[in-house]
Amino acid sequence: MCPSHEPARMRQRVACCLVILVIVIPCAPLQEAAAIETIHGGLHYRESLFFGNFSIWGRSGQMAPEDVDYVEAMAQAGVKIIQATNWWSKWITNPVDIVYNETIRNWTIEAVDFGLGIGPVPSFEEPGASPPERLLNLSLVWGILLGDEEPAWTRYANIESELSPDVAKYADTYRAETGFELKPLLQMNATERWTAAEWYANKTIWVYNFLYDYVRSLAPQAKVIQSLFMPPVWGMVDDIAPPYEAKSDMLSADCYYAFDNPWLLYETIRRYRASCPDRPFLMTIWGTIWDFLNEAGDGLYYKIGSYEQIRRETWLSYVSGIAGLGFFDWAPQNNDSYDWRWGHDRTDLMGRRLFTYIDNLAGQLRWLPQLNSQPEVLVVGNGYQTGEPMLHVDHLRLFTEYDLVNQRCFAYSDLNLSKYSIILMTDRWHLNETVEKINDFVANGGNVIFLGGIRNEETPNVNRARYDIEKNLTELTYDGAMYLNISPGNLLRLDRSYNASFAEAYCLSTEGLTADHHIIANATLYDYGPAHAADGVPLVLYHNSSRPGSGWMLYCGPNHFSTKPNVTAETYDYDNEPEMRALYRRVVRSFARFLNITNSISSNDTENVLVTQGLVDDGLLAAGICNFNNETRTFNYTVDIARFGLPDGTYWVHSLDSNSSLGSHLAVNGTLRVPVSVVANGTRILYISQERPSPSFALDIFPHIPRPEDLPPLPGNDTTTTTTTSTSTTSTSTSTTTTTTSTVSEITTTAVSPTGGGGILLPTAIGAVAAVLVVVLVLRKRRGA
């Protein structure tokens, strides 16, 4: 019988834990390891969670008294508990009400208290709702998550195509505060939309900061976690609730849709890491496989997943720099669309195999230090140069790693720009604060690229500041057939001219160019009448010669480009634009070569490959490589070791995923090159150091998919033997994994010694709890429980 039906026995089991803890833990050769956190959610009815590798367990909603017992027992055993609480409902639909309406503000507090399990049913709820039978002890809660899949209020309050009445009622307030009319976003020009986005963002952040302060007063010891989405999650473009302006101890998001585009997962993580570098970022990915179609007629939508998808997203999240990773495995049981359960609570074969699989992945992750990569490239903006919001930079195939922030964050946040070599500007409007920061960045040795021009005519600021490259110049627009004349002997060493039958380009006027402007290409127009030279240049470099230590600005004006015959604006491939993007890649790679930048910039061999690296210990560099192509890739992995403070000399490279050495390699002039092969959709994790690394464990990058016979018995199934399998720390280099089937009087576990020897090893303190609970379960069976 599961523990949820036996509160008395549950308490008895906890008491046993406290007694046996003193006896067992000192005997178990446990090893603490620097590791990222692993998260699981849902109510915790099964002992299988105690045996697992998850270090954080999250839950929400009201609990029965026996559930409160269970949560408190886990907390006392060292498990980190996150309690989530939502504040919105049909009564509370937008944050503007909370700002201006004291009654609704009080309702919000009531909703938070009820969601935390410490308060009565909110006064605005309909009669009949059940109050909590027992209150949760917040002093045992490690973290409190405010909200879920935010900004939640946009689910109720439409502001895009029309204004919901509960937003429209603030038209007079909005006019008084901004001077503009409150309209749907789709009916606004650039200035109006920017003003509206700022207004909505300010109100939302006020609410979340208010809630942060309130929850902090309830549980001073708990970490308050905000769940506020920024682009590109779920196709969002504007920051309705900018996380970098919210009070928080940690940040959290869900990203379930990377199976179509794995770069989405990378960009989501790097946006949070770049925007909020001082706060850990937790994320939940798919951990669910649904292999059936909905026949119940209830309109539910089922997404087909796979073990391969879960594996790839797990390692992609790790090498992208995630601080905590969770797996969403809430799914129907036994193909019944009305019987939904968490993975650990499912009794069907698919659910049990899935939970074992993600638990094995969690065990691997918890052995690893967090990989803090240091990209040389920062992408700023949402990419309007391509004619529509460019939610994913990866389609340009320009970089192997990069950080991202939107322009609002760049302009108003205190970002550390010194770690970047190149900033890529991708918006068609620029705030004065952005211009000032970019000019300072370049003056101090940084470099910047303007893709698709600057488009100053659409800026929200009427009196816009000017970049150094465009001072005293006018930006011109050309639309039609064009010939790009690459200047002979240009500084970027471009050597190809382009004849485009259809082109749209922005150019800096030739009148006003100085000796500090270095023309890379002129433009000849031949669409209307005789061919004639354009009055502006579409490709130009700028360097302030009076400041030798300053960096370079590159203006790249082509916005649409096709060399195919007879292409027109009506037949142009705006979605893919392969020729324009090929031109971008050629220009940017030439610029990087000119600047002697080796990290982060893709080559022909590394397109669609993520290559990220960072120091994990003194003199120890870790590199994560993900191949997003469905074929094996072999290329020279190149890293600028000088960026990490490492000297030239001999370096040893050890592959954790194969637990084998890739040999020694010589770093010359600050650059190390190592031949690397990565299988289709595969991942490599390398340790690089001057001393030959000899890790005591390896990673199962392609973990075994559990077979039915690998699974432990279901809880409550009394048998004469107990078999518990845990392959999450299995070394691929030594045969140290042991699976033992024993009598009821023995402890059974699967473990790996970090030194390659035998013995019991579980990843962290959870392993100690697991070892204790094995004994407890055995004692229960001996008593006939």
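1. Remarks on the confidence of the model for the protein
- Of all residues in the protein, 79% attain a pLDDT of 70 or more, and the chain-wide mean is 80.
- Scored below 50 in pLDDT, residues 385–391 shows 32 contacts in the model against residues more than four places distant or in partner chains.
- Scored below 50 in pLDDT, residues 718–785 shows 146 contacts in the model against residues more than four places distant or in partner chains.

2. Quick notes on the sheet that holds strand β28 (residues 649–655)
- Reading across the sheet, the five strands line up as β25-β26-β31-β28-β29 and stay open at both edges, with antiparallel pairing between neighbours. The open sheet has two edge strands with one neighbour each: β25 (609–617) and β29 (660–667). The mean inter-strand angle of the sheet, taken between neighbouring strand axes irrespective of direction, is 25°.
- Direction of pairing for β25 relative to strand β26 (residues 620–627): antiparallel, over a ladder of eight bridges. Directly across from L610, in β26, lies its bridge partner C626.
- Its contacts with the sheet place helix α10 (residues 307–320) against β25, β26 and β31 (683–689), and it is angled at close to 30° to β31.

3. A word on helix α14 (residues 578–595)
- With 18 residues, α14 extends 26 Å between its outermost C-alpha atoms, agreeing within 8% with the 26 Å of an ideal straight helix rising 1.5 Å per residue.
- For α14, the full list of buried residues reads M580, R581, L583, Y584, R585, V587, V588, R589, S590, F591, A592 and L595.
- At the C-terminal side of α14, N596 shows a positive phi close to 65°.

4. Brief notes about the pattern of salt bridges
- The full count for this structure, using the stated rule, is 29 salt bridges.
- Note that E181 is salt-bridged to R175, the shortest N-O span being 2.9 Å.
- On the accessibility criterion, E181 (44% relative accessible area) is partly exposed.
- A salt bridge links R464 to E470, with the shortest nitrogen-to-oxygen separation between them at 3.0 Å. An identical accessibility class is assigned to R464 and E470; each is buried.
- Three or more residues joined by partner-sharing salt bridges are found here, namely R397, R585, R589 and E607.

5. Observations concerning the state of the cysteines
- Applying the stated criterion across every chain yields a total of zero disulfides.
- Unpaired in this structure, C409 has its nearest cysteine sulfur neighbour in C276, at a distance of 6.8 Å.
- Residue classification places C409 among the buried residues on the basis of a relative accessible area of 0%.

6. Details of the packing of aromatic side chains
- What the rule picks out here adds up to 31 aromatic pairs.
- Look at W91 and W107: their rings are 6.4 Å apart centre to centre, the planes differ by 80°, and that puts the pair in the edge-to-face class. You can see W91 sitting in the loop between β3 (80–85) and α4 (95–100) and its partner W107 sitting in helix α5 (residues 102–115), a full 16 residues away along the chain.
- Residue class for W107 comes out partly exposed when judged on its relative accessible area of 22%.
- Clustering of aromatic rings is evident, with ring pairs tying together Y256, W286, F328, W330, W340 and W342.
- Residue placement shows K437 over the ring face of F410; its charged tip is 5.8 Å from the ring centre.

7. Thoughts on the packing of α5 against helix α8 (residues 190–218)
- At a minimum axis separation of 11 Å, α5 and α8 run at an interaxial angle of 50°. Considering their axes alone, α5 and α8 lie oblique with respect to each other. Considering only the axes of α5 and α8, their crossing is right-handed. In this structure, α5 uses R105, T108, I109, V112 and D113 to contact α8, whose residues at the interface are W206, F210, L211, Y214, V215 and L218.

8. Here's the deal with the environment of N566
- Its location among the elements puts N566 in the loop between β24 (558–562) and α14.
- C-alpha of N566 to C-alpha of F502: the two residues are 64 residues apart in sequence and 7.8 Å apart in space.

9. Topic: the sheet that holds strand β2 (residues 56–60)
- The strand order around the closed barrel formed by eight strands is β1-β2-β3-β4-β5-β6-β7-β8, and the pairing between neighbours is parallel. On average, each strand axis in the sheet is inclined to that of its neighbour by 25°, with strand direction left out of account.
- Against the sheet, α10 contacts β7 (281–286) and β8 (324–328), and its axis sits at roughly 165° relative to β7.

10. Quick word on unusual backbone geometry
- In the Ramachandran plot, N566 falls in the positive-phi region, its phi being about 65° despite a non-glycine side chain.
- For N608, which is not glycine, the phi dihedral falls at a positive 65°.

11. Quick look at the nonpolar core
- With 164 residues, the main nonpolar core has F399 and I423 as its most contacted residues.
- Grouped together as the second largest cluster of nonpolar side chains are 20 residues, A623, F635, Y651 and I688 included.

12. A look at the side chain of H543
- Mapping H543 onto the fold places it in the loop between β22 (539–542) and β23 (553–556).
- Given the relative accessible area of 12%, H543 is considered buried.
- Of note is the side chain of H543, whose polar atom sits 3.1 Å from the backbone oxygen of S550.
- With near-sequence residues (within four places) excluded, H543 lies in contact with D516, P548, S550, G551 and W552.

13. Some words on the packing of α10 against helix α11 (residues 349–365)
- At a minimum axis separation of 11 Å, α10 and α11 run at an interaxial angle of 20°. As summarised for this structure, α10 and α11 are arranged roughly parallel, according to the angle between their axes. The crossing of α10 and α11 is right-handed. From α10, Y307, I310, R311, T314, W315 and Y318 reach across to α11, where they touch M350, R353, L354, Y357, I358, L361, Q364 and L365.
- Here the contact of α10 with α11 is built from residues that sort into ten nonpolar, two polar and two charged.

Analysis parameters
- Residues numbered from 1 in each chain as written.
- Predicted model: local features only at pLDDT ≥ 70, side-chain atom pairs only at ≥ 80, totals over all residues.
- Heavy atoms only, no water.
- pLDDT = per-residue confidence, 0-100.
- Contact = heavy atoms within 4.5 Å.
- Pairing = 2+ DSSP bridges.
- Helix = DSSP H or I, 4+ residues; strand = E, 2+ residues; numbered from the N terminus.
- Axes fitted to C-alpha atoms, helices over the stretch in contact; angles between N-to-C directions.
- Expected span 1.5 Å × (residues − 1).
- Buried < 20%, exposed > 50% of the residue type's maximum accessible area, 1.4 Å probe, protein only.
- Salt bridge = Lys/Arg side-chain N within 4 Å of Asp/Glu carboxyl O.
- Disulfide = S-S within 2.5 Å.
- Phe/Tyr/Trp six-rings, centres within 6.5 Å; stacked < 30°, edge-to-face > 60°.
- Lys NZ or Arg CZ within 6 Å of the ring centre and 35° of its normal.
- Parallel < 35°, antiparallel > 145°, perpendicular 65-115°, else oblique.
- Left-handed = near helix turned anticlockwise from the far one by under 90°.
- Core = buried A, V, L, I, M, F, W, Y, C linked by side-chain atoms within 4.5 Å.
- Polar contact = N/O pair within 3.5 Å; in protein donor to acceptor, adjacent residues only side chain to side chain.
- Nonpolar A, V, L, I, M, F, W, Y, C, P; charged D, E, K, R; others polar.

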